[in-house]
Structures are given as C-alpha cells and as structure tokens.
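Chain by chain, the residues:
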Amino acid sequence: MGTASGDDDRHVMHQGGGVNLSARRPFSEALRSGLAETFFPDDPFRGFGALPPKERAWGALKYFVPALEWVPQYGIDKFKFDLLAGITIASLAIPQGISYARLANLPPIIGLYSSFVPPLLYAVFGSSNNLAVGTVAAASLLLASIIEDEVSPEDNPELYLHLFYTAAFFTGIFQTALGVFRLGLIVDFLSRSTITGFMGGTAMIIIMQQLKGLLGMKHFTSKTDLISVVGSIFKYRHEKKKMPHLFWVSAIAPFMVVVIGGVFDFLVHGDEHGIPIVGDLKKGINPISISQLRFNGKHVGVVVKAGLLSGILALAEGIAVGRSLAMIKNEQIDGNKEMIAFGMMNIVGSFTSCYLTTGPFSKSAVNFDAGCKTPMSNVVMSVCILLVLLFLAPLFKYTPLVALSSIIVVAMIGLIKVKEFIRLYRVDKFDFCICMVAFVGVVFFTMVIGLSASVGLSVLRALLYVARPATVKLGNITGTEVFRDVKQYPHAKSVPNILVLQLGSPIYFVNAGYLRERILRWVEDEEHICKGHGQDLQCLVLDLGGVTSIDNTGIGMLGEVHKGLDRKGIMIALANPRLQVTEKLVVSGYIKDTIGEESVFLTITDAIASCRYGLRRFRGKEGCSEV
C-alpha cells in the first residue's frame, strides 16, 4: 500500500503535477486575446465568421442599428401598449422639459425641443425597450454651474445658449467614441455609491435652488452650495411673497399642475399680481443650430469640460436605469449600444437646438409602469411633443414658475435615498463614505468637487485593493480534497509541516513588495506554530489559481521568496497556475532554473503529496546517514 502510494507520488512529482508547461501563444494571439477580453467581453460578433459576406454585413448593421431587429416583428398588439406609454410619458415630458430648462437658466422652449428630436434618434439606435429619453435635472444643473462661471445667462443669454449647444455636441462625440471603441469601462469608475450620493446631494441643492420660485424672489445666487443659497435667502428676504395656494397642488400629477396652474394664472391675471410665469413660447419645431456651435475662442475649454463631465454622468444614469428596468423583465441591454445611441442623440440634438439628454429615472419608470413594449413609445412621445410645438406651445405661457418649482421639488425628493444610505452603512462602511463624500461635497461645495472627490475615493479604494491584495491560509476540509480559508472555515485543518497560501490577485510591481513581506510573515508565523508542536515547517504551497497575471517585478518577487525559503530549508511548490502566468514563468526561466518543473502542480492535493514524498525521502536519507 505504501509502495503504491510512493510510486504515485513520484509520478506526480516527475510529471510536473499535470500542468502543461509547454503551452505557448504567439504574441499577436496573446495581445488579441487580452484586448478582446478587455473591450469585447460580450463578443457581439461571435458566429459571424461562418456567415456569407452579405449576411455578415447585415448582422453588423443590425448590431449598430437595433431598430432593424424589432421593427420587422412589430405589430398592432405591441403598438397599443406603446401608444399608451408614449402619451403618458409625453404628459410628463412637457412640464419636466420646461422645468429642467429653467433649472439650467435656458429658455423654456429649449426643454420642449430637447424632448422632440432625441427620442426619435434613440428609437433607432437604442437597445432598451424601457428607457424614455429626455432632459435630466442633475445634468442640467451641472452644465449650468460650469458654464455660468464663464458666461452669465442674464448678461449674455445668446452666448450662454450657444455654449449649451456646443457642450451637447462634445458630449455626443465623447459618448459615441466610448461606444464605438467600447471604452465603457471609463463609466465604471462612477460606482453605484458615487451615483447615489451625487444624486442625493444634487437633489438637495436643486430643491434649495427652487426656493427662489417657491418664495417668489426676483434675485438669487447662481451658486449651488448650501452656504450661498442660505445666504441669498437671508440677503433677499424682503422679496419673499406669500406663496399662492397653487404650491399645495404639487402632489397632483405634474401635467395637471401645469394645466391647472396655467388656467388659474390666466383667469386671475397672476402675472399682474406678482406671480412670475414662464412667458412667451413660440410655436414651431426645432430650428437648426449647427451654425451656433462655438469651436473657437476662450470658451472652448469650458464647454469641453462641461460636455465630458455631464456626458459621463448622463451615461452612468441612463445605463444604470436601463439595466435596472431590463432586469425586471429578464431582458438584456448592451451598454456600448446605449453609449452610441446617447451620443447620436446629443450630436444631432446639438444641431437642432437641444441640450444634453439621456434616460432619466422618473420618466423611464413611468414608461415601464405604463406597459411599454419597444422604443416606439419614444416615437409616440416625440409626436406628442411635435403637436405641442406646432399648436399648443403658446398656451403654456401662463404656467406659474412656482408650479414648475413644485414639480422639480417633488421629483427631487425621490432621489434622496435615505434607505439606501442606511443600507450602505450596514453593508460596506467604505461604500458609505464614498456616497457621503459625494453628497456632502455637492451640498457644501460644488457639483464638480463632490463628484470628483467621490470618484477619487473610489479609485483610491480600487488601488488599495490592487496594492494590498488578500493572502489567505488554506486548510483541508476533512474527508475531502477541498481547501478553504481557515478563518472562514475554522474546522478546516492545516496540513502538518506544510503551509498552503492562496494568492488571489494579479502580481504586479505595485503589490510585489507587499506580497513578499506578507508571504514571509505567514511563513514566520507558521514556523512558530510548528515549533510549538516540536516540528519544523518543511514546505510552502502557493495556490496561484486566482492570479490572473504577473509582471517581471512579480516574477522577481517569487525568486526572492524562493531564495529566502531555500536558506531555511523550506521547499516551495506552485499549484494551478493559469496560462498567462505559466507562460511568463517559463520564459523567464523561473520554473526551469529556480524551482524546477517538478515543483509545479495541477492541484493543491498533488503539491502536498509531492511535498510529503520529498519529506519521506529526506528523512530516509537522514536515517541512512545516521546508520
């Protein structure tokens, strides 16, 4: 029995533990594989190679124009749902469009323009059946806060408006480029915690900004931080008017608030009694604005900054909303297609008097609840907005600003997710800190500072995980060949005289020094444990199954660890190295010249069996020498 076991052990050791050390890939193949995993994890064109050229071209076209997939199967059974959903979201788009345009200090008609053209583009290029396109409060205020630092909307309203168009153009170019080159990983730096905190903080400052309309004040600060807003209320407190009863109608649906408010103001001539109104809205569809884009002059840097920041924020919100709603219906949306769709919306929108649009949560949720089936609901909404622009726009002249302010306040209250804050605190304290940095930064400083600080903290956290990866000691689950973390599974038993460590991170220059010190500290601690039992540590097994990559510094670190352990008479064995790691260890000579092929194994069990065999041989030689 013992002889058979010894033969098996020798076989395992001499075969290199079953690991294929001769597997090598050409550099071009390795590079292509790495790029594909980074930029094409979903492999959208798989299976295209076997198709004829025409079918391949048609398949590629359908990928970039998703409407070609659902339009041929579209019928009246789906249209009746989309018709109802489209009319419903149009009733929300009208007051929101006007309100958010005023929030950005733009002419109210621009909000309606931005709800006409972009939805048509999204219906063609968008991949979500649930997303409803329109302007959003957070991006509107972010754009205003950046552009107002350069151009005042009161002193130069024409230039101010043109800069908004230009910012939308740069946003569109940026978003389209991200989608075409599949660089959506940039948006991933906006974590869910960051978005939650940023939206909550933005909602707070938007609510504070609406105090001007709710209190009937003529003067107000253009800054967004809490101190400036409170100071402005105190400074211009003599301008406060008695709030009309219309304020309490804000619990009714937004469209009814606008209609009732407009009728009320018209009948009582509210504008003559100190109730500010929207003012004239000209009939007609979007005028062409391509000639109004500003690509030269001293303001280019500002619009580029505004376009990029608001573009990233709009992408993060739109894609997050689309994915959340798709999960409920067990559907899939393509983030890169969404980026292209948003980009096309904003490029064409900048040519047709629109400012930044995306997929807002409130409107998309209404679209979803109304039973939409396809992006056709956006087309229906767009047609409704077209009718308003052609025939009904002047009727909204009498809409009181207090009605718009109340609509915004009610919409923003839902964005302050107190329950989510509490959940983050319970689940992950670091995520809670990231969320609070965004919230506090937006409320007390500026939107850009709050967003930047939160993203910076998120990136710092990611870097800490890379620079300080976890290493765990593994023990054997009794009766199995399974090895697990001894802290998570206290009943897992350590192997006598053998230390098994699991490395679960790529080994790069940034963490190589830390891993060396951590491994040696594990070895030192294990030596003390072994000596307490009258034994010596004889072997270290490194489980490399979780190490996805290694660089030259990492290889050097493994060499240093081997030298340090060799001086102590401790053997080292590697278990389950991945292809990317094995290639570099073989080419560098680490396996052949340092530890030997017989020290690389397919499993931890094989590595332990070989270590035990080596220990028996060593002890056998000691016994012979003593005799």
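The protein chain carries the name STAS domain-containing protein in an unreviewed UniProt entry, which gives Triticum aestivum as its organism. What UniProt records for the protein chain under Subcellular location (unreviewed entry) is the sentence "Membrane".

What to know about the overall build of the protein chain
When helices and strands are counted, the protein chain shows 26 helices and 6 strands. Looking at the protein chain as a whole, 51% of its 627 residues are labelled buried. A separation threshold of at least 6 residues defines the contact pool for the protein chain, and within that pool the share at least 24 residues apart is 80%. Summing over all exposed atoms, the protein chain offers an accessible surface of approximately 30100 Å²; the carbon and sulfur share of this is 62%.

Some words on the side chain of D485
Along the chain, the position of D485 falls in strand β2 (residues 483-485). In terms of polar contacts, D485 uses its side chain to reach the backbone amide nitrogen of K487, at 3.0 Å. Those residues within four positions of D485 in sequence are excluded, and the remaining contacts are V472, K473 and L474.

Quick look at the pairing of strand β3 (residues 498-503)
Of all 6 residues making up β3, 5 are buried, and the element is well covered by its neighbours. The sheet contact formed by strand β1 (residues 471-476) and β3 spans 3 bridges and is antiparallel. If you follow T471 over to β3, its bridge partner there is L503. Across 5 bridges, β3 lies against strand β4 (residues 539-543) in parallel orientation. Bridging from a neighbouring strand, L499 pairs with L540 of β4. For the segment spanning β3, helix α22 (residues 509-532) and β4, crossover handedness is right-handed.

Considering the packing of helix α7 (residues 117-125) against helix α17 (residues 376-392)
Two elements in contact, α7 and α17, have axes separated by 8 Å at closest approach and are oriented at 160°. Judged by the angle between their axes, α7 and α17 are roughly antiparallel. Of the two possible hands of crossing, α7 and α17 adopt the one that is left-handed. In contact with P119, L120, Y122 and A123 of α7, α17 contributes N378, V379, M381 and S382. Counted by class, the contact of α7 with α17 contains 6 nonpolar, 2 polar and no charged residues.

Focus on the nonpolar core
L106, I109, I110, F164 and F198 are the most contacted members of the largest nonpolar core, which has 88 residues in total. A per-element tally of this core places helix α9 (residues 157-180) first, with 11 residues. Beyond its immediate stretch of four places on either side in the chain, I110 contacts L161, Y165, S353 and Y355.

A short note on helix α5 (residues 76-103)
Here α5 spans 39 Å end to end across 28 residues, near enough to the 40 Å set by a 1.5 Å rise per residue. Along its length, α5 reaches its greatest deviation from straightness, about 30°, at A93, and the proline P95 lies no more than four positions downstream.

Looking at unusual backbone geometry
The residue N330 is not glycine, and still its phi comes out positive at about 60°. Judged by relative accessible area, N330 falls into the exposed class, the value being 70%. Backbone geometry places S353, a non-glycine residue, at a positive phi of 60°. As for its position among the elements, S353 is in the loop between α15 (335-351) and α16 (361-369).

Topic: a nonpolar patch on the surface
There is a patch of nonpolar side chains on the surface, built from I285, V383, L387, L390, F391, L392 and L395 and spanning about 650 Å² of accessible area. The topology assignment puts V383 in helix α17.

Concerning the state of the cysteines
Under the counting rule described, the total for this entry stands at 1 disulfide. Here C539 engages in a disulfide with C611; their sulfurs sit 2.3 Å apart. Highlighted residues: C539 in strand β4 and C611 in helix α26 (residues 604-626), separated in sequence by 72 residues. Looking at C539, the relative accessible area reads 1%, which means it is buried. Judged by relative accessible area, which is 5%, C611 ranks as buried.

Topic: the pairing of β4
The two faces of a sheet get side chains in turn, since along a regular strand they alternate between them. By the criterion of burial, β4 is predominantly enclosed, with 5 of the 5 residues buried. Alternating positions in β4 separate into two faces, C539, V541 and D543 on one and L540 and L542 on the other, with burial throughout. Relative to strand β5 (residues 571-575), β4 runs parallel, the two being bridged by 5 bridges. Bridge pairing in β5 links L540 to I572. Each parallel crossover has a hand, and the one from β4 via helix α23 (residues 552-567) to β5 is right-handed.

Concerning the packing of aromatic side chains
Applying the stated criterion to the full structure yields 11 aromatic pairs. Measuring from centroid to centroid gives 5.9 Å for F164 and Y355, while their planes differ by 75°, and the two rings are edge-to-face. Here F164, found in helix α9, pairs with Y355, found in the loop between α15 and α16; they are 191 residues apart in sequence, far enough to count as distant. Among the aromatic residues, those joined into a cluster by ring pairs are F169, F170, F295 and F351. The ring of F81 has K373 lying over it, and the distance from NZ or CZ to the ring centre is 4.8 Å.

Points about the pattern of salt bridges
This structure, assessed with the given rule, holds 7 salt bridges. Here D431 and R461 are joined by a salt bridge, their closest N and O atoms 2.8 Å apart. Note that D431 is positioned in helix α20 (residues 429-444) and R461 in helix α21 (residues 447-467), a separation of 30 residues in sequence. Relative accessible area serves as the criterion here: at 18%, D431 is assigned to the buried category. For R461, a relative accessible area of 12% corresponds to the buried category. Between R516 and E560 there is a salt bridge whose closest N-O contact spans 3.2 Å. Pair noted here: R516 is in helix α22 and E560 is in helix α23, with a separation of 44 residues, a long-range link. Taking relative accessible area as the criterion, R516 reaches 24% and is therefore assigned partly exposed. Connected through shared salt-bridge partners, D428, D431 and R461 make up one network.

Procedures and definitions
- Residues numbered from 1 in each chain as written.
- Predicted model: local features only at pLDDT ≥ 70, side-chain atom pairs only at ≥ 80, totals over all residues.
- Heavy atoms only, no water.
- UniProt positions renumbered as here; feature names shortened; annotations may be inferred.
- Helix = DSSP H or I, 4+ residues; strand = E, 2+ residues; numbered from the N terminus.
- Buried < 20%, exposed > 50% of the residue type's maximum accessible area, 1.4 Å probe, protein only.
- Contact = heavy atoms within 4.5 Å.
- Areas by Shrake-Rupley, 256 points an atom, 1.4 Å probe, with all protein chains shown as cover.
- Polar contact = N/O pair within 3.5 Å; in protein donor to acceptor, adjacent residues only side chain to side chain.
- Pairing = 2+ DSSP bridges.
- Right-handed = clockwise from strand over helix to strand, strands pointing away.
- Axes fitted to C-alpha atoms, helices over the stretch in contact; angles between N-to-C directions.
- Parallel < 35°, antiparallel > 145°, perpendicular 65-115°, else oblique.
- Left-handed = near helix turned anticlockwise from the far one by under 90°.
- Nonpolar A, V, L, I, M, F, W, Y, C, P; charged D, E, K, R; others polar.
- Core = buried A, V, L, I, M, F, W, Y, C linked by side-chain atoms within 4.5 Å.
- Expected span 1.5 Å × (residues − 1).
- Bend = angle between axes of the 7 residues up to and from the residue.
- Patch = residues over 30% accessible without salt bridge, like charges linked within 9 Å, V, L, I, M, F, W, Y side chains within 5 Å.
- Salt bridge = Lys/Arg side-chain N within 4 Å of Asp/Glu carboxyl O.
- Disulfide = S-S within 2.5 Å.
- Phe/Tyr/Trp six-rings, centres within 6.5 Å; stacked < 30°, edge-to-face > 60°.
- Lys NZ or Arg CZ within 6 Å of the ring centre and 35° of its normal.

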